[in-house]
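# Chains, contacts and geometry: an overview
So you can see what is in the structure, the chains are spelled out below.
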Amino acid sequence: MRSEWFKVREVGNATWAIDDRGSDVMYLVGGEERCLLVDTGWGVGDLPALAASLSPLPPTVVNTHGHPDHTFGNGQFAQVYVHAADEAAARKLPPAEMRTWMVDNVLPKPLPADFQFDTWAVAGPDSLETIQDGHVFDLGGRALEVISVAGHTPGSICLLDRQARVLFTGDSVLPGAIWLHLGESLPLSRFHESLRRLQGSADAFDTILPGHADLQALPLSKTLLDDLIDGIGRILAGELVGREEKTFAGDGLRCDFGSCGIVYRPDRL
Ligand SMILES: [Zn+2]
């Protein structure tokens, strides 16, 4: 059933990690007056009902970037925030044949018995609001600060919680291969610059909560960010070259750096 789709784990500091059937991870962050929902996943499960079961406070909703596995649940909410550079991506809804392909090839299985194809991913939120670097979500007694990390997509963001000393990273820093070979991704050197700027705030957090991970492994050490910056630096310096990797979103070269890795295009360094 759609109400049983998610797995939830409290990861400390009134923060819940919400697993979208092994595909992506969303977070509900509790303040004193509001809570913040970080990403909306594939839109298969009943996310508003889940959020209400975890916190009685009204949720503010933000997307870490505009990709479908982080935004297709947006239509379940009245208002959603996204970085201006990913607004178009977050607004994009798939035509019918693409929705069929996604259901067959991309969505986690098995789908719930009450999944309704006719209403899945056909509408966005009533209001999609854009934000920029430096925007602050004030939850009452707790604030999360938007840090732009252009690379995976132009409008990718991280959210810094200085009080809980945690960084929500979306797809910009995660314990797997970060996709930089996509058409919308920026050159690798631009992503490297974004990550080094992010590292300038590293004194303000100890752990990372990414958009894809095994729930049981959370939260992750912030050394992941150092490993990523170091590894990409070695690719850009010509010390490392990836091996060919084929994905449903195109081909690239893959390099692994121990705790993380990337897929990139050698003609877009
Ligand atoms: Zn993504």
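Along each chain, residues carry numbers from 1 onward, in the same order as the chain's sequence is written. Only residues with pLDDT of 70 or above have their local features reported here, since the model is predicted, and side-chain atom pairs are shown and tallied only from 80 upward, although totals for entire chains, interfaces and linings are computed over all residues. Side-chain metrics rest on all non-hydrogen atoms present in the structure, leaving aside hydrogens and water.

## Side note on the environment of F115
The following threshold applies: Secondary structure elements follow DSSP: runs of H or I no shorter than four residues count as helices, runs of E no shorter than two count as strands, and numbering proceeds from the N terminus. Only protein chains enter the accessibility calculation, which uses a 1.4 Å probe; a residue whose area is less than 20% of its type maximum is buried, one above 50% is exposed, and one in between is partly exposed. Any two residues having at least one pair of non-hydrogen atoms within 4.5 Å are treated as being in contact.
With respect to the helices and strands, the residue F115 is situated in the loop between α4 (96–105) and β7 (127–131). Of the residues examined, F115 reaches a relative accessible area of 16% and is grouped as buried. The contact partners of F115, leaving out residues within four places of it in the chain, are R2, V44, V103, L107 and W120.

## Re the coordination of the zinc ion
The condition is simple: Sites may look incomplete because water is not among the atoms; the donors themselves are N, O and S atoms within 2.8 Å of the metal, or within 3.2 Å for Na, K and Ca. Working rule for geometry: tetrahedral if four donors all subtend angles between 85 and 135 degrees; square planar for four, octahedral for six, if opposite donors exceed 155 degrees and the others stay between 65 and 115; irregular in every other situation.
Around the zinc ion, the protein contributes the donor atoms H65 (NE2), H67 (ND1), H152 (NE2) and D171 (OD), which lie 2.1 to 2.2 Å from the metal centre. Bound by four donor atoms, the zinc ion shows angles of 87 to 172 degrees at the metal and therefore irregular coordination geometry. For H152, a relative accessible area of 3% puts it in the buried group. Given a relative accessible area of 7%, D171 falls into the buried group.

## Describing the sheet that holds strand β15 (residues 243–247)
Note the cut-off: DSSP-based pairing: two strands are paired if at least 2 bridges between them are found. Interaxial angles span 0 to 180 degrees and are taken between N-to-C directions of axes, which are lines fitted to C-alpha atoms, for helices over the stretch in contact.
Taken together, four strands build an open sheet; the order of strands is β12-β17-β16-β15 and the sheet is mixed. At either end of the open sheet lies a strand with only one pairing partner, and these are β12 (177–179) and β15. Mean inter-strand twist for the sheet, computed between neighbouring axes without regard to direction, equals 35 degrees. With three bridges joining them, β12 and strand β17 (residues 261–264) adopt parallel strand pairing. Each residue of the ladder has a partner; that of A177, found in β17, is G261. Here helix α6 (residues 223–236) sits on the sheet and contacts β12, β16 (250–256) and β17; the angle it forms with β17, its principal contact strand, is near 40 degrees.

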